[in-house]
Amino acid sequence: MKGVAALVLVAGLLTGCGSSSEEAGGPVEITWWHGQTELQAKVIEELAAEYGKAHPDVKITPAVGSTNVDEMLQKVQAVLAGGKAPDIAYMYGTWMPHLARTPKVYDLTATVKAPGFGWDDFWPAERAVSEVNGKVIGVPALVDNLAVIYNKKLFDAAGLAYPTKDWTWDDFRVAAKKLTGGGVYGTAYPVTGAEDTVWRFWPMIWQQGGSIAAPDGKKSAFDTPQAVQALDLWSAMARQDKSVYLDQNGEKFVPLFQSGKIGMIVAGPYTLLDIIGHKIPYGVQVLPGYNGNHETIAGPDNWVVFDNGSRRAKAAADFLAWLTRPEQDARWSLGLGNLPIRKATTALPAYRKFVKDFPDIDVFTANLDNAKQARPQLPAYPEFSEKVGNAIAQAMVGGTPARDALAKAATEADTVLGRSR
């Protein structure tokens, strides 16, 4: 979803589908379009140069593209409509079902299943998001998950024991209430209504054995007593306990945590770099659970290849196979403060240094084993999610009863799914 290394990568000759040198059997030219700061761009340039040196038949040219990944799907669609498809694009995982409908998307199944690629070395949550209807259309580019990050100093001041792996959501509520006071909130929740709101809610449904949508994708499945219980808890914390900082734009709660004004947040590993920079004494623990189930949610993003002819598509797929090997993963993911995308990367010396530099980051890595389910692979998921996000905000901010808010959202979500068929 988000991260220090959240990036945009689009490879392609935007002026045409090929060059005379390619047609004559010369080097395949791949433009690596990214949206990175100078630090990340330096790593990109080093990787591109290294690959080109080892593969003289392929030329990788990094170039700055959009600085906002949120706009990438729309930009790639515009390029596709003009007949000048990119070769590789960095895409959010929630876009995979939509992209699967695009004829130009290249099937990467054979690439990831080839001997030596190590597809089973990627976490199940990553593989689930990469595959749509039995077809692999993306190679994992970034992965994260949600856990509880807490301020040890504030817990100590409140006389509270630190969160444990056995915490329940009721324990979480009690702690948040005790942490609140003197200008400090116990916890926070982004109530923008966007995916940042919703993906914090889905694990609480999964933990209780629930689902987001029906298996056939024709109906929603989230409007249940268990979901009402989960939203009721957050609403009560926000409106009765006053222990929740309701972040209206989703951009303030992390800085407030960094300044010691919030006791604990549900967030991902991408927040740790800045937290460390602010010298906050923090700890990380898995999400609270129901009945011993502590499922979380992962937010994998993918590299997607577009088919501009077999030679270019093959070169792009081969490059991704190289880019996602443990040695390159360590330089890219770990080097920029993100979780490894492969299990084998954790066996490298670079990972040991990574854990030393980012205390408790290994809790996030281990937490990937708790990411057992993926958001439904539905082309209409973004709009579907928006209905749920609005319901959460209406309950927590506006006081709409959780039962009513979720029932309305389910009706609207069913309409969305009906239109998308």
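Remember, predicted model here, so these are calculated numbers, not experimental data.

J.: Can you tell me about the pattern of salt bridges, naming the residues and giving the values?
T.: This structure, assessed with the given rule, holds 13 salt bridges. With a closest N to O distance of 2.8 Å, Lys314 and Asp318 form a salt bridge. With Lys314 and Asp318 both in helix 14 (residues 310-323) and four residues apart, the pair spans about one turn of that helix. Judged by relative accessible area, which is 46%, Lys314 ranks as partly exposed. On the basis of relative accessible area, Asp318 is assigned to the partly exposed category, the value being 34%. In this structure, Lys408 and Glu412 form a salt bridge, with 2.8 Å as the shortest nitrogen-oxygen distance. Taken together, the residues span about one helical turn, with Lys408 and Glu412 both in helix 19 (residues 402-420) at a distance of four residues. Among the residues examined, Glu412 registers a relative accessible area of 26% and is labelled partly exposed.

J.: Residue-level account of the packing of helix 11 (residues 225-241) against helix 18 (residues 381-396), with values.
T.: Running from N to C, helix 11 and helix 18 cross one another at 40°; their axes reach a closest spacing of 8 Å. Classed by the angle they form, the pair helix 11 and helix 18 counts as oblique. Listed contacts from helix 18 to Leu231, Trp234, Ser235, Ala238 and Arg239 of helix 11 are Ala391, Ile392, Ala395 and Met396.

J.: I'd like to hear about unusual backbone geometry, residue by residue, with values.
T.: In this model, Lys242 sits at a positive phi of 60°, which is unusual for a non-glycine residue. With respect to the helices and strands, Lys242 occurs in the loop between helix 11 and strand 10 (244-247). Accessibility expressed as a relative area gives 52% for Lys242, which makes it exposed. Even without a glycine there, the phi angle at Asn291 is positive, about 50°. The topology assignment puts Asn291 in the loop between strand 12 (282-285) and strand 13 (301-305).

J.: Could you give an account of the nonpolar core, with specific residues and numbers?
T.: The biggest cluster of nonpolar side chains holds 82 residues, and the ones touching the most others in it are Met91, Leu99, Ile149, Ile265, Leu272, Phe306 and Phe319. Of the residues forming this core, the biggest block, nine residues, is contributed by helix 14. Judged by nonpolar contacts, the second largest core, of 58 residues, contains Ala227, Ala402, Ala413 and Val416.

J.: Residues and numbers for empty space enclosed by the protein, please.
T.: One pass over the structure, following the stated rule, counts two cavities of 30 Å³ or more. Counted by class, the lining of the largest cavity contains nine nonpolar, four polar and one charged residues. As for the second largest cavity, its lining consists of Pro140, Ala141, Trp303, Leu323, Thr324, Gln328, Asp329, Trp332, Ser333 and Ile341. If you list the elements that add at least two residues to the lining of the second largest cavity, you get strand 7 (139-142) and helix 15 (326-332). With three residues, the single largest contributor to the lining of the second largest cavity is helix 15. Grouping the amino acids of the lining of the second largest cavity by side-chain chemistry returns six nonpolar, three polar and one charged.

J.: Any chance you could break down helix 14 for me, citing the residues and the numbers?
T.: Across its 14 residues, helix 14 extends 20 Å between first and last C-alpha, which sits within 8% of the 20 Å expected from 1.5 Å per residue. Of all the 14 residues making up helix 14, 10 are buried; the element is thus mostly covered by neighbouring parts of the structure. Those residues of helix 14 that fall on the buried side of the exposure criterion are Arg312, Ala313, Ala315, Ala316, Ala317, Phe319, Leu320, Ala321, Trp322 and Leu323.

J.: Provide a residue-level description of the environment of Pro379, including the pertinent values.
T.: Looking at the element boundaries, Pro379 is found in the loop between helix 17 (361-367) and helix 18. Its relative accessible area of 26% is what places Pro379 among the partly exposed residues. Distance from Pro379 to Thr94, taken between C-alpha atoms, is 8.5 Å for residues 285 residues apart in sequence. Setting aside residues up to four positions removed in sequence, Pro379 forms contacts with Pro97, His98 and Arg101.

Rules behind the numbers
Residues numbered from 1 in each chain as written. Predicted model: local features only at pLDDT ≥ 70, side-chain atom pairs only at ≥ 80, totals over all residues. Heavy atoms only, no water. Salt bridge = Lys/Arg side-chain N within 4 Å of Asp/Glu carboxyl O. Helix = DSSP H or I, 4+ residues; strand = E, 2+ residues; numbered from the N terminus. Buried < 20%, exposed > 50% of the residue type's maximum accessible area, 1.4 Å probe, protein only. Axes fitted to C-alpha atoms, helices over the stretch in contact; angles between N-to-C directions. Parallel < 35°, antiparallel > 145°, perpendicular 65-115°, else oblique. Contact = heavy atoms within 4.5 Å. Core = buried A, V, L, I, M, F, W, Y, C linked by side-chain atoms within 4.5 Å. 1 Å grid on protein atoms, 1.4 Å probe; cavity = no way out; pocket = protein on both sides within 12 Å on 5 of 7 lines; lining within 4 Å. Points joined across faces, edges and corners; volume = space filled by probe spheres on them. Nonpolar A, V, L, I, M, F, W, Y, C, P; charged D, E, K, R; others polar. Expected span 1.5 Å × (residues − 1).

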